[in-house]
Amino acid sequence: MMPSYKFVYFDLRARGELTRYVFHAASKEFEDSRFSFEEWNSLKPTMPFGQAPVLLVDGKTLAQSGAIARFLAREFGLAGKNSWEQGMVDQYMELATEMMDEIVKWYFEKDEEKKLTAADLAVLDIFDTPMYYTPNFMDSFPKLKAHRERIASLENLANYIKKRNVTDL
Amino acid sequence: MNGSVKESSSTKYRLIYFDVRGRGEIPRLLFHAAKVDFTDDRVDSEEKWYNSLKAKMPQKVLPVLEVDGKQLSQSLTICRYLAREFGLCGKTNWEQAQVEQVVDTMDDLRAEVAKWIYEKDTVKKDEIASNLRSEIYPKFFGILETILRENEENNNRSGYFVGDHLTLADLSVFETFTFPLSIHPDIFDDHLELQEHRQRIMTDKHLAEYIKNRPERPV
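Model, not experiment: these values are computed from the prediction.

A. Structural view of empty space enclosed by the protein. Residue and element names in this part refer to chain B. Scanning the model with the defined rule gives one cavity of 30 Å³ or more in all. Taken as a whole, the largest cavity encloses approximately 40 Å³ of empty space. Lining the largest cavity are Val-173, Phe-174, Phe-177, Phe-188, Leu-194, His-197 and Arg-198. Mapped by element, the contributors of at least two residues to the lining of the largest cavity are helix 6 (168–176) and helix 8 (192–202). Classifying every residue of the lining of the largest cavity by side-chain character gives five nonpolar, one polar and one charged.

B. Structural detail: the interface of chain B and chain A. With 27 residues of chain B at the contact, the number on the chain A side is 24 residues. When the area that chain B buries against chain A is broken down by residue, the three leading residues are B:Asn93, B:Trp94 and B:Gln101, summing to 27%. Where chain B packs against chain A, one counts five salt bridges. Between B:Arg80 and A:Asp90 there is a salt bridge; the shortest N-O distance is 2.6 Å. For the pair chain B and chain A, the interface holds 19 residue pairs in polar contact (both at pLDDT 80 or more). At the level of elements, strand 4 (70–73), helix 3 (75–85), helix 4 (93–118) and helix 5 (122–156) of chain B are the ones that each hand at least two residues to the side of chain B that touches chain A. Per element, the largest residue contribution to the side of chain B that touches chain A is ten residues, and it comes from helix 4 of chain B. Broken down by class, the residue content of the side of chain B that touches chain A amounts to eight nonpolar, eleven polar and eight charged.

C. Representation of the sheet that holds strand 4 of chain B. The sheet built from four strands is open, its strands ordered 2-1-3-4 (chain B) with mixed pairing. Strands at the two margins of the open sheet, each flanked by one partner only, are strand 2 (39–43) and strand 4 of chain B. Neighbour to neighbour, the strand axes of the sheet diverge by 20° on average, direction disregarded. As paired strands, strand 1 (residues 13–18) of chain B and strand 2 of chain B are joined by five bridges and run parallel to one another. Residue pairing across strands places B:Tyr17 opposite B:Arg42, the latter belonging to strand 2 of chain B. Across the sheet, helix 4 (residues 83–108) of chain A is in contact with strand 3 (64–67) and strand 4 of chain B; its angle to strand 4 of chain B comes to roughly 45°.

Definitions and limits used
Throughout, residues of each chain are indexed from 1 in the direction in which the sequence is written. Each chain takes a letter, starting from A, and each ligand takes a number, starting from 1, following the order in which they are written. Note on the predicted model: pLDDT of at least 70 is required for a residue's local features to be given, and 80 or more for side-chain atom pairs to be given and counted; whole-chain, interface and lining totals, by contrast, use all residues. The side-chain numbers reported here are obtained from all heavy atoms of the structure, hydrogens and water having been left aside. Only protein atoms enter the 1 Å grid, on which a cavity is a set of points fitting a 1.4 Å probe that cannot get out and a pocket is an open set with protein on both sides within 12 Å along at least 5 of 7 lines, lining residues being those with an atom within 4 Å of a point. Grid points are joined across faces, edges and corners, and a volume is the space filled by probe spheres set on the points. Secondary structure follows DSSP: runs of H or I at least 4 residues long count as helices, runs of E at least 2 residues long count as strands, and numbering of each begins at the N terminus. When residue character is reported, Ala, Val, Leu, Ile, Met, Phe, Trp, Tyr, Cys and Pro are called nonpolar, Asp, Glu, Lys and Arg charged, and the others, Gly included, polar. The contact definition used throughout considers only heavy atoms, calling two residues in contact when any of these lie within 4.5 Å. Values labelled buried area give the accessible surface lost by two parts on being combined, using a 1.4 Å probe and summing over both. Definition used for salt bridges: Asp or Glu carboxyl oxygen within 4 Å of a side-chain nitrogen of Lys or Arg. Residues adjacent in sequence count toward polar contacts only when both atoms are side-chain atoms; beyond that, a polar contact is any pair of N or O atoms within 3.5 Å, and within protein one must be able to donate a hydrogen and the other to accept it. The pairing criterion for strands is at least two bridges between them, as found by DSSP. Axis geometry follows a simple rule: fit a line to the C-alpha atoms, using only the stretch in contact for helices, then measure angles between N-to-C directions, giving values from 0 to 180 degrees.

Structure below.
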């Protein structure tokens, strides 16, 4: 008799998507229960440890996204053929989690200067030439234009832009 | 090396880590709890680490576990692997998940405490310490006590976190609170069950000697 699975998490990928992938990859049915940030406030006290995600297996609860994903992977034969293989699989999962932690930190970073990445600078850079020739080029792309203005006004960059020689390219 | 070999195993284990407790101590506790021989390779020279060892490590970090020469990275992966090998990870897949639930929860606590350790600004450091006491520790006490009580109710009455015997879960709780208790010695005062649990680990017949005599390190 197949156990009934219910996975409870925000309506985001974040720390829930790996588990959802495991269910789908194994073609196992589960209730993909998603809640909003507003609903979280009333849901939180009902969760066993006040955390999400939570997995319910025939009503028994399990918290911690890594433990959940690994449990299901083992149940569904996606965890490696023996304990050593499990270790091999596991170490890459940990590496991915480390990267996710960094992405989450970036996502929630409020300090603009800390949040800045080379991606922002690359976007600033590629539009420099079109804007030089067609200053109203970005008017029909308000979000991009706002991003450009925000990055270009960061102190270090603004000072440099003010002083540099103007060139065609 | 440390204690006698429990089973006639020819597996050669080597744990490579810095000469601190940090992310190496729970694996060390696992070896001792299981009475399995291993080489406790403590890297105490920064020069040796940066100039020769680091480049040879698969993810350029420690700890690394070597099992008959094959290398495994990631401290939690190492903990879980050894716990499975030594039968210290629960008896069923579900119990294993429950053990991992505790271990991952303790890793969350470790990350919070690490913020205090790495903060250099003394004002911010005090704020973090204050937050640990008022928000963070209570949150984790609540989770741990819930788990202990539920395990009690399931007629185990063992005083362990999962099932009726010592598992990786117990070792991770024990070790994760070692540093916090060293800076905040009173935090268990109102948490009798956690005090008793800590005592249970410290007096465990396989662990007592090691815990009493292990090298004293600040972290």
